[in-house]
Amino acid sequence: QTGMAGFGGMALAMLNKRTRLLAALWGLWAYLDRAGWKGGYKSMLFRRLPFWRWFSDYFPVKLIKTADLPSDTNYVFGYHPHGILSLGVPASFGSEANDFSNVFPGIDLRVAVVNAAFYMPLGREIALFCGCISADRSSVDYSLAQGHSVLLVVGGANEALLTTEGNMRLVLADRLGFVKTAVKAGAALVPVISFGENDTYVNVQKPWAEKLQLWAMSKLGFSVPMFYGRGIFNTEVGLLPRRRPISSVVGSPIRCPRVLESEGARFTAVVEQKHREYTQALLALHSEWKGRCGSAGEGEKIEMVRSSKL
């Protein structure tokens with residue numbers, strides 16, 4: 001939403017003779033600057049602004065720690081589910097609204113997002129100051145090599161289209177890329193499951209809507225779900241997210257040996273083994289916490305699907 005407002009402002013600036021040059025210079029800078037691929041401009045001052053606490057309290061969002069994360073290594077956090085807008089991410093990981101740096105001291109986190117965020121006026125600057133980076137593999141590899149930890153919303157655009165209130169359908173069965181990234185860097189994997197993420201918006205799941213969404217995703221590289229939330233003066237329909245509690249539960253780390261892709265069969269075997277361990281850990285985390293945090297309680301279901309099934 002911030003990015004769309006930025007695009008609107010950019011369009012108006014280009015139409016005005018007095019601001020056209022400034023807008024053009026910003027566009028050139030955004031195109032040439034590679035901060036989104038080189039670790040971002042993370043600012044703890046910006047991450048601690050009161051706005052982020054207000055944002056988190058709106059739902060509210062909680063960050064729940066289940067195990068210590070020693071600072072002697074870096075981590076690849078896998079966030080599930082994607083939901084419509086992954087609103088638990090900025091509240092618990094892209095800002096200090098829930099005191100991430102105090103809860104997990106010594107962890108210098110970067111949040112991987114779609115490239116479009118870095119070409120949106122205002123949205124770009126917010127993303128960079130929050131510590132966001134491009135989700136491109138080269139960008140994630142660079143940050144891990146610098147000693148940073150990285151959070152990835154593993155299901156991505158495909159999973160956003162599967163958003164259903166009270167249940168989780170996760171695109172994970174054939175997602176090995178994030179595990180490969182962790183193994184190549186020798187980073188530990190950390191599963192994160194956010195109960196309530198799927199409840200903040202209602203996803204329109206009609207055959208015609210799904211066809212349109214899949215077509216848009218193939219052209220844009222990210223999903224454009226058809227959804228609705230609540231309004232300012234009503235709770236039935238609108239573009240604001242619904243006020244539903246989100247609980248982001250962070251699991252125990254899964255250590256990965258550093259194995260290079262050039263090692264062939266050994267690399268493949270380690271990746272497959274760690275993927276199984278990660279999946280089992282995620283299912284266990286869901287089973288343990290769904291009764292306390294899930295909107296459907298003990299009845300909440302979780303399903304692993306393949307990208308090819310969408």
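The numbers attached to residues start from 1 for each chain and follow its sequence in the written order. In view of the model being predicted, local features appear only for residues whose pLDDT reaches at least 70, and side-chain atom pairs are presented and counted only at 80 or more, with totals across whole chains, interfaces and linings using the full set of residues. Side-chain figures throughout are based on the complete set of non-hydrogen atoms in the structure, without hydrogens or water.

Novice: Looking at this structure, how should I read the overall build of the chain?
Specialist: Only DSSP runs of H or I reaching four residues or more are called helices, and only runs of E reaching two or more are called strands; each is numbered from the N terminus. Within the chain one finds 12 helices and 11 strands. The atom set for the radius of gyration is the C-alpha atoms, and the globule formula is 2.2 Å times the number of residues raised to the power 0.38. In terms of overall size, the chain behaves like a compact globule, its C-alpha atoms giving a radius of gyration of 19 Å where 310 residues would be expected to give roughly 19 Å. On the principal axes, the C-alpha backbone points of the chain span a range of 60 × 45 × 40 Å. Expressed as a percentage of its 310 residues, the buried residues of the chain come to 49%. Throughout, a contact is declared for two residues whenever any of their heavy atoms are within 4.5 Å. Long-range contacts, defined as pairs at least 24 residues apart, comprise 77% of the intrachain contacts of the chain with a sequence gap of at least 6. Think of it in three bands: residues with accessible area under 20% of the maximum for their type are buried, residues over 50% are exposed, and the middle band is partly exposed, with areas taken using a 1.4 Å probe on protein chains only.

Novice: Is there a simple way to think about the pattern of salt bridges in this case?
Specialist: Only one rule defines a salt bridge in this text: a Lys or Arg side-chain nitrogen within 4 Å of an Asp or Glu carboxyl oxygen. By the definition in use, this model includes 15 salt bridges. A salt bridge links Arg 169 to Glu 303, with the nearest nitrogen and oxygen atoms 3.4 Å apart. On the criterion of sequence distance, the pair formed by Arg 169 in strand β6 (residues 168–171) and Glu 303 in strand β11 (residues 302–305) is long-range, its members being 134 residues apart. The exposure class of Arg 169 is partly exposed, given its relative accessible area of 35%. When salt bridges with common partners are traced through the structure, they connect Asp 33, Arg 124 and Glu 125 into a single cluster.

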